[in-house]
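# Results of the structural survey
The residues making up each chain are set out below.
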Amino acid sequence: MSSKPGALTIAGKELAAYVNSPIAAIFIFVFVVLNCSLFMASFFLLGLADMRGFFSFLPVTLGVFIPAVTMRSWAEENRSSTMELLLTFPIKPHGLVMGKFLASLFFYIVALAATLPIPIMLFVLGTPDPGPIVGGYLGSILVGAFFLAVGLFISGLCKDQIVAFILSMLACFGLLIVGNQFIATTVDGWVSGLGSFLDSYVGVISHFASFERGVLDSGDVLYFLLGAGLFLMLNGFWIEGRMRPKQKQIFGTAAVISLAIFVVANVFLGDLGLGRVDLTEGKLYTISPVSKRILGGLKAPVNVKYYVSPKEKMPTAFKNLEQDVVDKLDEFRILSGGKLQFQVVHMEASNMMNEEEGGEESLEKSLQRKGIRPFQVQSLEADEMGVKLIYSSMTLGYKEKPEEMLPPTLPSNLTELEYQLVSKVYRLTLDKAPLIAVVAPYEEKQLDPVMQQLLAQMGADASQVQYDDAYRLVPLALQYDGYQVERVDLTEESPLPEGADTLVMIEPKDLSEDQEYSVNRFLVEGGSLFLATQKNVFEYRPSGRGAIGVSRLSVNPSLGGLLETWGLGVKDEVLLDESHDVLNIQAGGGFGPFAMNIPVKLPIHIRIMNEGMNPDYSISSRLDPILYMWGSALDLDEEKLKELGLSVKVLLRSSPKSWLIPGDKTQYVPRDMMLSNQSTQQFPLAVLVEGQFPNAMPGVKPDKELNPQPGKLLLVGAQTLFTEDLIQSGGHLDFLKNSVDAMSLDEDIIKIRSKRPMDRTIDRVSAGSKAWWRFFASLMLPLAIVLLGWFRILLRKRGKASYMKALSAATN
């Protein structure tokens, strides 16, 4: 009989033993309830449609569950002396091993499949990324197969099930521990590099991490397959030759050599990078086609210098950083046809401190003047927490242009390297950097003389004139992205600069006729205008007993006449939405530790989720949720827009359960804003209008001839998104940057930035629904399996009783 049919025969026998035993149903019940309950304990608290928390803890429970499954496989055969009987079968020893392995693997997969109610729940409550879920389950099967092979091997060495269980559990946890970041850091503190080596090439955790992210890496797959194959092979060798003379010495030598081969093979195969499959939505870990096109179209070389601390000087969490960055840079080099060249420069922060007087200036000291500086990270050495200064910075050089710096590259932002590098390369290759004009209100205020004196004593800016600028981060963010930015007022003293590519206007108010005409002319002549404005602003007034009164402030934004001419407008009514957030409002009368915050939940705190973002247009795709604070609904005159030949793309919408209330009231109480019998609908909140805009002010400056060109207008019905308090939260800053990129650069650049994990927040769930989902995810399938096992045992008992009764009747 061949090995393969023999293996299947043994697998069938072992499966029958699993199915006919009540212990199997108990094992599955405990495994599923434990893992699912741990996940559900914090699921509704976090509110994310994501299974990373489930998969990150799963290897730990497998370290106990798998040894419990395998402990009797060979130990019971040894104890009951049935091993010799098995070896008399016409089946090779490796066939016996494969049969037991296949049976236990099938049993484990059944137990793992019993956790599938969790992804079902996620798809009902939210919009999870299926890639990491599929990758996590595939990785879990591989981890389970590896641990099963280890457990079977150890069970073959033992005669007692308990001993086999304990040794297998110790072996599995040993493989987990050496891959733990904290343990690796501690070991590195005592023996430099040893902990990182064990983490990378021996430990399970680091190889399982890529599956959790939704990436099937060839090196990680080979790690698990080699590990499982090694222990199954050793198991077969032991079973076959355990009675031979000096077998223990021979087997021990073979085991050590095999383990060495396993480690060496992982070192070489893991570093080869034979390929990987990116399962994530949006291909987060794959170079985008836009990057390939930009890099492939380079006409002149781009020189990249990566300044980084040597690997041995890095904390454990950063030891693989250089290799990860170099791998990405090498991908970019290949895609550019060799036009993008990179150089790695090793630097040490200690050289800045130890420079001798009169000696040559160190490289670190000279580069500090260019902005290449070390930064602090935490490290753990010899059980002591400390701080290290390390380098990890990059510069780009192109032709005779000044070198451009990228933000420090860290493990936490490595996924952003593609956008940072490719967008910088794209800007460098342009004849000139796009010029962005920013118009946003700010107020001058006189500093109190006493405060001025205190600031002078502290060495701070003590000038009498200070600025109250809610939008100061807008130009800074655009400058950081490599744009030329000018803050202007559209006056004779501060006019719209010549050659401006995009005009960003936020909160336009009190504009003169000349200022409005400048905006009109810019757009008519083919400019790109980003306009954020709203009709309603509110203030909150605590009124005792935790109640809040809401007052509407008078707002009269400019440019309404221009927008009306172009078929656009901002509604006067107050927009409310059932999808809204809770804000903490500080009550009056207190300050510092005595200030009291009152949570306020009102439908004017509108929250735009992924469902309200247009996924077909790069500006609004894959953004984090946006707090559309006090924002207004837009008014689109579709007939007029069509008549003018202007195309409209709606980028942001309110939820289907949004409504309007009159905006002419000054005072509101919360009940005035609640949904009663109002009709609900979706409203446009941000639109992109393209085409030839007509002159909206033909009677103004008739002596100035206009040169009509197709232009772009991106209108947003909320200016509060871009205030200093809110711009860095949610998707506000990315929305602004995406908009400016789309109007000033190649729109495809945005597709690179959007390659990042989306917000996967689930919808709000009632208390009753939470209880149902906890039962569904944690108990429903395990209870069904237990009931099925009990029913099968009952049937077997009845069948046996019927057989004994028939046998007794036949003998009588």
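Report on the accompanying structure. Remember, it's a predicted structure, so these values are computed and weren't measured experimentally.

## Focus on a nonpolar patch on the surface
- Taken together, the side chains of Ile 23, Ile 26, Val 30, Leu 34, Leu 38, Phe 57 and Val 60 define a hydrophobic patch exposed on the protein surface, amounting to about 570 Å² of accessible area.
- Those elements that provide at least two residues to the nonpolar patch are α2 (22-46) and α3 (52-70).
- As for its position among the elements, Ile 23 is in helix α2.
- The class of Ile 23 is partly exposed, set by a relative accessible area of 44%.

## Let's talk about the sheet that holds strand β7 (residues 392-398)
- Strand order in the open sheet formed by 4 strands is β4-β3-β7-β8, and the pairing between neighbours is mixed. Edge positions in the sheet fall to β4 (340-346) and β8 (404-406), since each has one partner strand and no second. When strand polarity is set aside, the average angle formed by the axes of neighbouring strands in this sheet is 20°.
- Taken together, the 7 bridges between strand β3 (residues 302-308) and β7 define a ladder with antiparallel strand orientation. Bridge pairing in β7 places Asn 303 opposite Gly 397.
- Each of β3, β4, β7 and β8 is contacted by helix α19 (residues 417-429), which is oriented at about 25° to β7, the strand it contacts most.

## A short note on the pattern of salt bridges
- Taken as a whole, this structure holds 16 salt bridges when the rule is applied.
- Among the salt bridges present, the one from Arg 333 reaches Asp 330, with a minimum N-O distance of 2.9 Å. Of the two residues, Arg 333 and Asp 330 are both situated in helix α16 (residues 321-335); the distance of 3 residues between them amounts to about one turn of the helix.
- On the basis of relative accessibility, which here comes to 28%, the residue Asp 330 falls in the partly exposed class.
- For the salt bridge of Lys 657 with Glu 578, the shortest nitrogen-to-oxygen distance reads 3.8 Å. Here the residue Lys 657 occupies a position in the loop between β23 (647-653) and β24 (658-661), and Glu 578 occupies one in the loop between β18 (574-577) and β19 (580-586), the gap between them amounting to 79 residues.
- Judged by its relative accessible area of 46%, Lys 657 falls in the partly exposed class.
- According to the relative accessible area criterion, Glu 578 is partly exposed, its value standing at 39%.

## Re the packing of α3 against helix α9 (residues 161-177)
- Running from amino to carboxyl end, α3 crosses α9 at an angle of 155°, the nearest separation of the two axes being 8 Å. Taken together, the axes of α3 and α9 are roughly antiparallel relative to one another. Where α3 crosses over α9, the handedness of that crossing is right-handed. Across from Pro 59, Val 60, Gly 63, Val 64, Pro 67 and Ala 68 in α3, the residues of α9 making contact are Phe 165, Ser 168, Met 169, Cys 172, Phe 173 and Leu 176.

## Quick notes on the packing of aromatic side chains
- Summed over the entire model, instances satisfying the criterion amount to 27 aromatic pairs.
- Arranged with centres 6.4 Å apart and planes meeting at 50°, the rings of Phe 146 and Phe 262 form a pair that is tilted. Residue Phe 146 is found in helix α8 (residues 130-157), and its partner Phe 262 is found in helix α14 (residues 247-272); the two are separated by 116 residues along the sequence.
- The class of Phe 146 is buried, set by a relative accessible area of 1%.
- Overall, Phe 262 belongs to the buried group, its relative accessible area being 9%.
- A ring pair is formed by Trp 772 and Phe 775, whose centres lie 6.2 Å apart and whose planes are at 40°; its orientation type is tilted. Here Trp 772 pairs with Phe 775, and both are found in helix α27 (residues 767-811), just 3 residues apart, close to one helical turn.

## Remarks on the sheet that holds strand β25 (residues 667-668)
- Spatial ordering of the open sheet is given by β15-β16-β25, a layout of 3 strands whose pairing is antiparallel. Of all the strands in the sheet, just β15 (537-542) and β25 have a single pairing partner and so form its edges.
- Two elements, β15 and strand β16 (residues 548-553), share 6 bridges in a ladder whose sense is antiparallel. For Val 537, the partnering residue across the bridge sits in β16 and is Leu 553.

## Structural notes on the side chain of Lys 328
- Within the fold, Lys 328 resides in helix α16.
- In this structure, Lys 328 is buried with no salt-bridge partner, the nearest side chain bearing the opposite charge being Glu 331 at 5.2 Å.
- The residues contacting Lys 328, other than those within four sequence positions of it, are Leu 414 and Leu 417.

The rules behind these values
Residues numbered from 1 in each chain as written. Predicted model: local features only at pLDDT ≥ 70, side-chain atom pairs only at ≥ 80, totals over all residues. Heavy atoms only, no water. Patch = residues over 30% accessible without salt bridge, like charges linked within 9 Å, V, L, I, M, F, W, Y side chains within 5 Å. Areas by Shrake-Rupley, 256 points an atom, 1.4 Å probe, with all protein chains shown as cover. Salt bridge = Lys/Arg side-chain N within 4 Å of Asp/Glu carboxyl O. Helix = DSSP H or I, 4+ residues; strand = E, 2+ residues; numbered from the N terminus. Buried < 20%, exposed > 50% of the residue type's maximum accessible area, 1.4 Å probe, protein only. Pairing = 2+ DSSP bridges. Axes fitted to C-alpha atoms, helices over the stretch in contact; angles between N-to-C directions. Contact = heavy atoms within 4.5 Å. Parallel < 35°, antiparallel > 145°, perpendicular 65-115°, else oblique. Left-handed = near helix turned anticlockwise from the far one by under 90°. Phe/Tyr/Trp six-rings, centres within 6.5 Å; stacked < 30°, edge-to-face > 60°. Lys, Arg positive; Asp, Glu negative; His and termini not counted.

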